[in-house]
Amino acid sequence: MASPPQPTQPPPMTNAFALTPHKVSVCLLLQTYALPAQTTPPFPFSSVSQHNRLGLYLLALTKSYDDISEPKLEELLNQLKEISGSLGHWLIDHLTGRLSSLSAPDDLFSFFTEMRGILGGLDSVVMEDNQVILDPNSNLGLFLRRCILTFNLLSFEGLCHLVTNIGSYCKEAMSSCMPYETRLLDESSNDLETLSEYENMDLENFVFGKVNEEIEARKQASERVPFHLHGPKALSGLVEDIEVVADPSSKHGDKCGESNAYIHPPGNELRDVDPYGEIFLRTNWQVQGYLMEQADAIEKHDSSFSFNSSELVLRQIKKLAPELHRVHFLRYLNSLYHDDYFAALDNLHRYFDYSAGAEGFDSVPSSSGSNGSGRYEIGLIYLGMMHLHFGHPKQALQVLTEAVRFSQQQSNESCLAYTLAAICNVLSEFGCSSSAGVLGTSFSPITSMDTSLSVGQQLFVLLRESLKRAESLKLKRLVASNHLALAKFDLLHAQRSLLSFGPKASMKLRTFPINVCKELRLCSNLISEFGYESSTMTTDGAFSTTWLNNLPKSMDSPLLPQENGHRNNCDAHRFFTQLSTVPKSVLQLLGSSYIMRSTAWEMYGSAPLARINSLVYTTCFADASSSSDAASVHAKLIQHLAVFRGYKDAFVALKVAEEKFLTVSKSVILLVKLQLLHERALHRGNLKLAQQVCDELGVLASSVSGVDKDLKTEASLRHARTLLAANQFSQAAAVAHSLFCMCYKFNMQVQNATVLLLLAEIHKKSGNAVLGLPYALASLSFCQSFNLDLLKASATLTLAELWLSLGSNHAKRALTLIHGALPMILGHGGLELQARAQITEAKCYLSDPSYSVFKDSEVVLDLLRQASDELQVLEYHELAAEAFYLMAHVFDKLGQLERREEAAASFKEHMMALENPQDEDDPLLNMF
Amino acid sequence: MNSKETCRSELRIALRQLSDRCLYSASKWAGEQLVGIEQDPAKFTPTNTRFQRGSSSIRRRFRTNDITSSPATGMSYVSTPVLEEDEVIDGDFYLLAKSYFDCREYKRAAHVLRDQNAKKSVFLRCYALYLAGEKRKEEEMIELEGPLGKSDAVNRELVSLERELSTLRKNGTIDPFGLYLYGVVLKNRGNQNLARTVLVESVNSYPWNWTAWSELQSICTTIEMLSSLNLSNHWMKDFFLASAYQELRMHNESLAKYEYLQGTFSFSNYIQAQIAKAQYCLREFDQVEVIFEELLRNDPYRVEDMDMYSNVLYAKECFSALSYLAHRVFMTDKYRPESCCIIGNYYSLKGQHEKSVMYFRRALKLDKKYLSAWTLMGHEYVEMKNTPAAVDAYRRAVDINPCDYRAWYGLGQAYEMMGMPFYALHYFKKSVFLQPSDSRLWIAMAQCYETDQLHLLEDAIKCYRRAANCNDKEAIALHQLAKLHCELGRPEEAAFYYKKDLERMENEEREGPNMVEALLFLAQHCRTHKRLEEAEVYCTRLLDYTGPEKEMAKNMLRGMRSESSFPSMDAEHFPP
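Predicted model only: the values in this text are computed from it and were never measured.

**A closer look at the overall build of chain B**
Scanning chain B for helices and strands turns up 31 helices and zero strands. Excluding contacts between residues fewer than 6 apart, the proportion of contacts in chain B whose partners are at least 24 apart in sequence is 57%. A total of about 26800 Å² of accessible surface is found on chain B, and carbon and sulfur atoms cover 53% of it.

**With respect to the overall build of chain A**
Within chain A, the secondary structure is distributed over 41 helices and two strands. Taking all 928 residues of chain A together, the buried fraction comes to 55%. Long-range contacts, defined as pairs at least 24 residues apart, comprise 71% of the intrachain contacts of chain A with a sequence gap of at least 6.

**Examining helix α31 (residues 687-700) of chain A**
Residues and elements named next belong to chain A. If you check α31, its first and last C-alpha atoms are 20 Å apart, about what 14 residues at 1.5 Å a residue would give, namely 20 Å. The complete set of buried residues in α31 reads L689, A690, V693, C694, L697 and L700. Buried residues of α31 fall within an arc of 135° about the axis and therefore sit on the same side. Away from its buried face, by an angle of more than 90 degrees, α31 presents the exposed residues K688 and V699. On its buried face, α31 is in contact with α30 (668-684) and α32 (709-725).

**Some words on the pattern of salt bridges**
Enumeration over the complete set of coordinates arrives at 58 salt bridges over all chains. A salt bridge links A:R680 to A:E875, with the nearest nitrogen and oxygen atoms 3.3 Å apart. Taken as a pair, A:R680 in helix α30 and A:E875 in the loop between α39 (857-874) and α40 (877-894) lie far apart in primary sequence, 195 residues in all. Just as A:R680 is buried, A:E875 falls in that class too. The closest approach of N and O atoms between B:E157 and B:K107, which form a salt bridge, is 3.4 Å. Placement of B:E157 in the loop between α7 (119-143) and α8 (158-171) and of B:K107 in helix α6 (residues 106-112) is noted, with a sequence separation of 50 residues between them. Where salt bridges share partners, they join A:R350, A:D353, B:R395 and B:D399 into one cluster.

**Looking at the packing of aromatic side chains**
Following the criterion strictly, the structure yields 45 aromatic pairs over all chains and no others. On the basis of an interplanar angle of 90° and a centroid distance of 5.2 Å, the ring pair of A:Y376 and B:Y415 is categorised as edge-to-face. A residue pair is termed interchain when its members come from two chains, as with A:Y376 in helix α16 (residues 376-390) and B:Y415 in helix α23 (residues 405-417). Geometrically, the ring pair formed by B:F177 and B:Y206 is tilted, given 4.6 Å between the ring centres and 55° between the ring planes. Remark: B:Y206 occurs in the loop between α10 (192-205) and α11 (210-218) and B:F177 occurs in helix α9 (residues 176-189); sequence separation between them is 29 residues. Judged by relative accessible area, B:F177 falls into the buried class, the value being 0%. The structure contains a cluster of three or more aromatic residues connected by ring pairs, namely B:Y24, B:F101, B:Y106, B:F123, B:Y127, B:F177, B:Y206 and B:W208. In this arrangement the basic side chain of A:R597 is found over the ring face of A:Y594, its NZ or CZ atom lying 4.6 Å from the centre.

**Things to note about the environment of A:H640**
Relative to the elements of secondary structure, A:H640 occurs in helix α28 (residues 627-645). For the pair A:H640 and A:Q784, spaced 144 residues apart in sequence, the C-alpha to C-alpha distance is 24 Å.

**Observations concerning the packing of helix α29 (residues 647-660) of chain A against α30(A)**
Residues and elements named next belong to chain A. As a packed pair, α29 and α30 sit with axes 11 Å apart at the nearest point and diverge in direction by 160°. Between α29 and α30, the crossing angle belongs to the class labelled roughly antiparallel. Taken as a pair, α29 and α30 cross one another with a handedness that is left-handed. Residue-level contacts link Y647, A650, F651, L654, A657 and E658 of α29 to I669, V672, K673, L676, L677, E679, R680 and H683 of α30. For the contact of α29 with α30, a count of residues per class yields nine nonpolar, one polar and four charged.

**Remarks on the UniProt feature "repeat: TPR" (unreviewed entry) in chain B**
Within the UniProt annotation, "repeat: TPR" (unreviewed entry) is assigned to residues 337-370, 371-404 and 405-438 of chain B. Taken end to end, residues 371-404 of chain B has its terminal C-alpha atoms 8 Å apart, with 79% of it in helix and 0% in strand.

**Re the confidence of the model for chain B**
Residue and element names in this part refer to chain B. Residue-level pLDDT values for chain B average 84, and 87% of them are 70 or greater. Below a pLDDT of 50 lies the segment residues 46-74, which in the model reaches 31 contacts outside its immediate sequence neighbourhood of four places, other chains included. In the model, residues 568-576 has pLDDT below 50 throughout and makes zero contacts with residues more than four positions away in sequence or in other chains. Two summary scores accompany this predicted model of the complex, namely pTM at 0.75 and ipTM at 0.77.

**Details of the nonpolar core**
Within the largest apolar cluster, 150 residues are counted, with the highest numbers of intra-cluster contacts made by A:L291, A:I317, A:Y332 and B:Y415. For this core, the element with the most residues is helix α18 (residues 413-429) of chain A, which contributes 11 residues. Core analysis: the second largest hydrophobic core is formed by 101 residues, B:L18, B:I291, B:V329 and B:L349 among them.

**Describing the packing of helix α17 (residues 306-315) of chain B against helix α18 (residues 319-332) of chain B**
Residue and element names in this part refer to chain B. Look at α17 against α18: their axes get within 9 Å of each other, and the N-to-C directions meet at 160°. Classified by the angle their axes make, α17 and α18 are roughly antiparallel. Relative to α18, α17 is oriented so that their crossing is left-handed. In this structure, α17 uses M306, Y309, S310, L313 and Y314 to contact α18, whose residues at the interface are A321, L322, L325 and V329. Classifying every residue of the contact of α17 with α18 by side-chain character gives eight nonpolar, one polar and no charged.

**Examining a nonpolar patch on the surface**
Residue and element names in this part refer to chain A. Taken together, W601, L609 and I612 make up a surface patch of nonpolar side chains, about 250 Å² in accessible area. Note on placement: I612 falls in helix α27 (residues 607-620). Looking at I612, the relative accessible area reads 45%, which means it is partly exposed.

**A look at the side chain of A:R350**
Relative to the assigned elements, A:R350 resides in helix α15 (residues 341-355). In terms of polar contacts, A:R350 uses its side chain to reach the side chain of B:D399, at 3.1 Å.

**Observations regarding helix α2 (residues 24-36) of chain B**
Residue and element names in this part refer to chain B. In this model α2 runs 18 Å from its N-terminal to its C-terminal C-alpha over 13 residues, within 8% of the 18 Å that 1.5 Å per residue would give. Residues of α2 that are buried include every one of A26, S27, W29, A30, G31, Q33, L34 and G36, and no others. The inward-facing, buried residues of α2 contact α1 (4-20), α11, α13 (235-247) and α15 (269-281).

Conventions we followed
- Residues numbered from 1 in each chain as written.
- Chains lettered and ligands numbered in written order.
- Predicted model: local features only at pLDDT ≥ 70, side-chain atom pairs only at ≥ 80, totals over all residues.
- Heavy atoms only, no water.
- Helix = DSSP H or I, 4+ residues; strand = E, 2+ residues; numbered from the N terminus.
- Contact = heavy atoms within 4.5 Å.
- Areas by Shrake-Rupley, 256 points an atom, 1.4 Å probe, with all protein chains shown as cover.
- Buried < 20%, exposed > 50% of the residue type's maximum accessible area, 1.4 Å probe, protein only.
- Expected span 1.5 Å × (residues − 1).
- Arc of directions from axis to C-beta.
- Salt bridge = Lys/Arg side-chain N within 4 Å of Asp/Glu carboxyl O.
- Phe/Tyr/Trp six-rings, centres within 6.5 Å; stacked < 30°, edge-to-face > 60°.
- Lys NZ or Arg CZ within 6 Å of the ring centre and 35° of its normal.
- Axes fitted to C-alpha atoms, helices over the stretch in contact; angles between N-to-C directions.
- Parallel < 35°, antiparallel > 145°, perpendicular 65-115°, else oblique.
- Left-handed = near helix turned anticlockwise from the far one by under 90°.
- Nonpolar A, V, L, I, M, F, W, Y, C, P; charged D, E, K, R; others polar.
- UniProt positions renumbered as here; feature names shortened; annotations may be inferred.
- pLDDT = per-residue confidence, 0-100.
- Core = buried A, V, L, I, M, F, W, Y, C linked by side-chain atoms within 4.5 Å.
- Patch = residues over 30% accessible without salt bridge, like charges linked within 9 Å, V, L, I, M, F, W, Y side chains within 5 Å.
- Polar contact = N/O pair within 3.5 Å; in protein donor to acceptor, adjacent residues only side chain to side chain.

The structure is reproduced here in structure tokens:
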């Protein structure tokens, strides 16, 4: 036995690769797979594909990260049965037989000496003709070499442990499938003999390397696991600290696995099976891959992700590998997305305390980690993100400012770029009316920022600066997300024209749709960069994991085409999409750019384009999207349905969405539900319900000033509209005024166009048309300079209505206005807007003295009929009644009494419905 | 009413029973208390007094009044009937098993007793199995150690022991010792609630097993838990409560209990050490030193608790005493975590931080959960400017015991040193939460708020105010409060705090730049508020100091005189 002298201490490079019974099993199977044999296929296999499949299976076993612990023998045997069909029994007999023969330390020695035989020489490029030899540099060869090396380094104690573990590994499998295994035991004694017979069989050669190369070519296995691809997007959160909570069980947080065992009632026999003996962690690489997947999953599903199940797994890892600190990070993410502030805070701090921020951030290949100072700046960024997530703008800014200072101190440029992006995020997310105090002083070294700048201007300067830095550092994802942020900024912020200076320059604010478009395009360039470059990420493990997970399916639809003609296309498709080289985070970013497009079109007033972009998102990015993004797209589509097809369809869609996404507080789906309920209640005249829903909406917003400002705007806008519908004009006007002030304070000019229009409406309805006119005109000019075309059309409509209410001599003017806006309204407006336009147009005709009903009655009647149809879909009783009223009038003049009565009856019906809104038997409300 | 005599006789029997069952540390504890009971002078026998030599005469001189006062609390104790032995004569197998046990051949001992059904034999067999499992666990922990840390080794006997003991308990054929073992097993299995119940049963039926009490104490982590225990009154309960209070950081309550117990056990080293511990937590270092000196005189080979003594010596910078202590424990038993820790402390005091870290590491090798070694190592790393290592060490301490406010404080300091004051605040908040009466923690937090980066002066003021309220020995808080108020343009508050600070300095007879600053401010303040006489007093006091302030005071005096001369002339012209 020529084993090297045993070092007293294992070298540090062992990298947590421990020999376990499972690995011995894999070695055994490898031996079967790569046994020197002379036939094609080699002996036990009946076809080449069977042989290949075992090879693939073994590869998957060594690479997949679908679980943290190694499979038990029983699971392995089941999989083997599935994988190799007719050969399964032979393999199982062989494996269990060999395993149970390893009962003394010396058996292991001879076993591993044997294993060396199947490894080719390192430099033997030319293979001997009749030998299947494992290439030492292939994945499987490397695995085998590591096993042999680890075995050689094993101390005697380790050897003893291995022997004991193999014993219990076999015993457990046998006790669980007794009848089958007893048969095996009887046969096991023969196995060694048969095996040696097989070895001597004269079989044709099979070039093993082929399969291996094929697989490897597909996935450049770089062993680096880029853990942190979740750059600073708006994530954050905390996890409860199980150790700190004054819970009786908490002191033994690490033992929670054990305490769980106690959930069984005493005396339960299950508990008496020693639960610890047989759990072995997979290789470090696999566990980290698993953790990465989990991190993705948590971010993707956010709160719908089960907190407890992942927490359990994490605790188990923590127990098995207490020095694997990444677990704390996962716990942080987990509690963050479950809105547990204290736990998230504690775990975040714990993670950075232990790892100094250096573990798991290999996506930033920087030398600063090696100088012993750690990377605490990353911790600061995450802390900032966390405060952002929980809606603490002040703390977030403070932490991020500290991050800026610290990364400058450490000259960690990329971190600085990320920090700047994070600050931009905070500034755009929260309305900080006075950030100057925080930002002004400490930022002068990065940007020569004038402290007198407004928040919006500061944000713009910072965004530019951040983009510039990201570009110079070639942080592609950051560049893309900066472009996205700029697009958002351009969309929402009106700016003074940059080209005009001097006293004569127009001081008018405007928005620049071209810029939005440009930024969005630049953002989308990201995909081409990732499409061309062969990804640095390893898809190896992901591939193996899916392969193993779909084991039964992949057996039906073999990967290698030579097997048999029919295969399941759907599966194969799924299979290869998983191999896409574009990383998920990139896809996510691209997806967000489509959402942004959709939002932009919504604002600029093109409903079809908004809808198309939403649909593009749902079809192309649904797989990679996070659940919050997907939910917001669904919300957009539902809104679209409600506006264009009425509430019935929208509520059906909402029902579907609610099942798909968890409705927790503040989720987009909940928001859209409240919005729809409010709209509908307003239309049906159920003001009580409207007010109630409106209050519910308001409660969702955080009470901190500047946080959730969109939600607050929305809530008070709706509040004002409810008051308006209740004819409480002065209150409505007061709410609208205070809303205007808030929007002005937080620099939300774009929203102000809507508020102004609302004020015009209020004055119109209160009969004060003269007062309404300036508001409508102001709104119109806002819309014009901010390119809000649809809103402009509806402002024009309001203006026309105002003119019309000033007397019939203005009817001509009103009509011209309406005709000007009609293309926009009919092309992009929703049902309500169209109906309003039609009714107003009809009214214009009717009040125009030059118009005669008898001559051209169809013009008016047609308009009114269309309007009433649309309004009935919306259940907008008030306007529908008006339409029918006008219709009845016209019929009366024409002398068509029957039709007049018909219209009058409909009018009455709507008026009745308006006066006593009943919702007990409302089918739509009862859906929820 | 417990008289010394009943205690003594109970302990004597218990000592025998405990050591008969190989519960050695419990019997050691019982023995210590037994000789700790003061002899009635009438019954002096030479053998008994031998243990109470040395300082006993001094002690008695100090203690006379205490003894008379302490039993006055008049608590009635239940008298637990002393356990009747079920086998008067141990079986042969038992004797053999006990010898094996004494030779630490646990598995062998258990094997000998495999068919014995007497309660005592069953207990010894289970206990031997438990210890065998523990021993194997320790070995495995080292064998299985990997780069990602130990793979969690467990005592493999626990499952079968738990099954057996729970059956015994159900059948009612379990004795208090078996219950104790059952409690320990349950605790290790993570079932704390049942463990508490079982341990309470055990100590209620046999109160003299101190290890059972300490196990119970280790799983009573909150005061609610402690008060919910249904314990019968026995003098052992006082020991338990005292130690539990100490663990729950109720130091004064604990101290009171110990002082009461000292009435009976006036020579107990154990109680003395515990009192020292409580005093240490109350930062009464001088008293702690006195107690330890005496303790060492009585029990020169003691290693337990000596790490605390070394901390005191470290804090008082007693180089030679610390070196003497280190030498002594080193000669007694160098492979005790406490010994290594003491040596580490010594090197730290000498400024040789690398060596110090080495010894702390050794201590941790001997006991991974040795809390203070982690914290002290953190301090060393801070000294060596290796902040990440320091952070790591502190964090480990905190994860072992989340109530260790020193480690939280250390973490905060480390981050503050790195220039991350906001990040550090999290840790300071944790530490003040755990120890709200420590002014140093409040001051550290205040300084954090005060840094240029954060500049949250209002919050700093709040912290300083808390610090000033908790007996701030270094007198930083008052001065800072005055300065901050001055900076924020609130002269009235500033004057108030300067005055308070001045009074304090006068009381403690301290001088220094702070004094000058306070005097100068007060003088100016009084002058602007036209309280000239007061201002004059302050100025005159300033004249005693050298430096620019002296000149300023002179000028001010001159100015005031000229100012006041006019109004005084007026006063002459128009007498009231």
